[in-house]
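Here are the chains, one letter per residue:
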Amino acid sequence: MAAWAIARQGVDEFPLHLHRRRLYILPTRAGLGFAVVVFGMLLAALNYGNGTALGLAGLLGGLALVAMHQCHRNLLALEVSSIETTPTFAGGRGLVALTLRNDSRIARLRVQVDSDGAAQPAIVDLAPNAGARALLEVPAARRGRLRIERVRISTTHPFGLFRAWTWLRAPLAIIVFPRPRGLRPPPPPEGVRNHSRRSGGGGEQDEWRGLRAFRDGDSPRQVAWKAYARGAPLLVKEYASSGTGQRLFDFGRLPGIDSESRLEQLARWIVDAEARGERYGLVLPGGAFAADRGAEHRRRALTALALHGLEAA
């Protein structure tokens, strides 16, 4: 049925309104049990000519019909404004974010969003003429491109007797970076001027830049634990190199370890260099990135590591 629905709908474009032809509804297990009880009550009332039981069976049957209508209306005309993914590191959890919009005068309650492979569904309530954001966490076991074939929006509100749902089909994929780990020291900076102040150990001392929010892959050694103990959120110390040098991370200059371990070591160096505010370049077989720094440079370099040696899609 899912394959038939996807073939019938095609690839979705956003923003998307959920019209009647997209919505499906069936009784839940609780709804089927409720129907059996009401039907048994109806048979007993007819057999014994009990008007009170007959009226109660009719009342419960009418309640089920109203619940079916309300369940269907809970999704009808709902707008899916956008759907996007957030990359993660191997062993972590990527995010699929749906932005929903309710332009009607009635609230949409207990709207559930889930997908294949999601850790657990996301449930949101939408007030009248308001929007909400549903976040799905998808475990990522290995690096590469984690495809999300379909996303389901459903509801069992009210009473849980019926489930209404629709499928969303979009070209979604979560980029999974290599796990940042490795014990090898990074290559020395190139073109460093030796006029900077020295630390006690004789190496260059980095300049303090400030604190930023913790990101996946950051080293625990860079976390501001004292600030965290005082009740602050998880923050990471940022430093900028006092010299003018830049580091070059070369895949070919890591002998003695396998390809996956090389990618993990390069990811470790990239995360640490970005945290220190250094400029760094990356060399991979078949491609290279010029030295730079910043969130966009970090993302492009880690994406190249994630897709190295894999089929591009």
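Residue indices begin from 1 for each chain and proceed along its sequence in written order. Selection of residues for local features in this predicted model requires a pLDDT of at least 70, selection of side-chain atom pairs for listing and counting requires 80 or more, and totals for whole chains, interfaces and linings are taken over all residues. Hydrogens and waters are ignored; side-chain quantities use all the structure's heavy atoms.

## Overview of the sheet that holds strand β5 (residues 93-102)
Piece 1. Whether two strands pair depends on DSSP finding at least two bridges between them. Counting from the N terminus, the helices are the DSSP runs of H or I reaching at least four residues and the strands are the DSSP runs of E reaching at least two. What the 4 strands build is an open sheet, ordered β1-β3-β5-β8; its pairing is antiparallel. The outermost strands of the open sheet, each flanked by one partner alone, are β1 (16-17) and β8 (130-139).
Piece 2. Sheet topology places β5 next to β8; 10 bridges connect them, and they run antiparallel. Each bridged residue has a counterpart across the sheet, and for Val96 the counterpart in β8 is Leu136.

## Looking at the packing of aromatic side chains
Piece 1. Each Phe, Tyr or Trp ring (for Trp, its six-membered ring) is paired with any other whose centre lies within 6.5 Å, and the angle between the two planes then decides the class: stacked below 30 degrees, edge-to-face above 60, tilted in between. Tallied over the entire structure, the rule returns 4 aromatic pairs.
Piece 2. Judged by centre distance (5.5 Å) and plane angle (40°), the rings of Phe249 and Trp269 are tilted. Of this pair, Phe249 sits in strand β15 (residues 246-250) while Trp269 sits in helix α5 (residues 259-276), and the two are 20 residues apart along the sequence.
Piece 3. Each residue's exposure class comes from its accessible area (1.4 Å probe, protein chains only) as a fraction of the maximum for that residue type: buried when under 20%, exposed when over 50%, partly exposed otherwise. Given the relative accessible area of 0%, Phe249 is considered buried.
Piece 4. Judged by relative accessible area, Trp269 falls into the buried class, the value being 7%.
Piece 5. Note on Phe249 and Tyr280: the rings are 5.9 Å apart at their centroids and 25° apart in plane angle, and the pair reads as stacked.

## Here we look at the sheet that holds strand β7 (residues 122-126)
Piece 1. Read from one edge to the other, the open sheet built from 5 strands follows the order β2-β11-β10-β6-β7, with strand pairing classed as antiparallel. Looking at the sheet topology across the chains shown, the edges are occupied by β2 (24-27) and β7. Across the sheet, the mean angle from the axis of one strand to that of its neighbour is 30°, orientation sign disregarded.
Piece 2. In the sheet, strand β6 (residues 108-115) pairs with strand β10 (residues 151-155) via 4 bridges, with the strands oriented antiparallel. Following the sheet pairing, Gln112 is matched in β10 by Ser154.
Piece 3. What makes two residues a contact is simply this: any of their non-hydrogen atoms within 4.5 Å. Think of each axis as a best-fit line through the C-alpha atoms, taken over the contacting stretch in the case of a helix, with angles from 0 to 180 degrees between the N-to-C directions. Contacts from helix α3 (residues 51-73) reach β2, β6, β10 and β11 (162-168), with the element oriented near 20° to β11.

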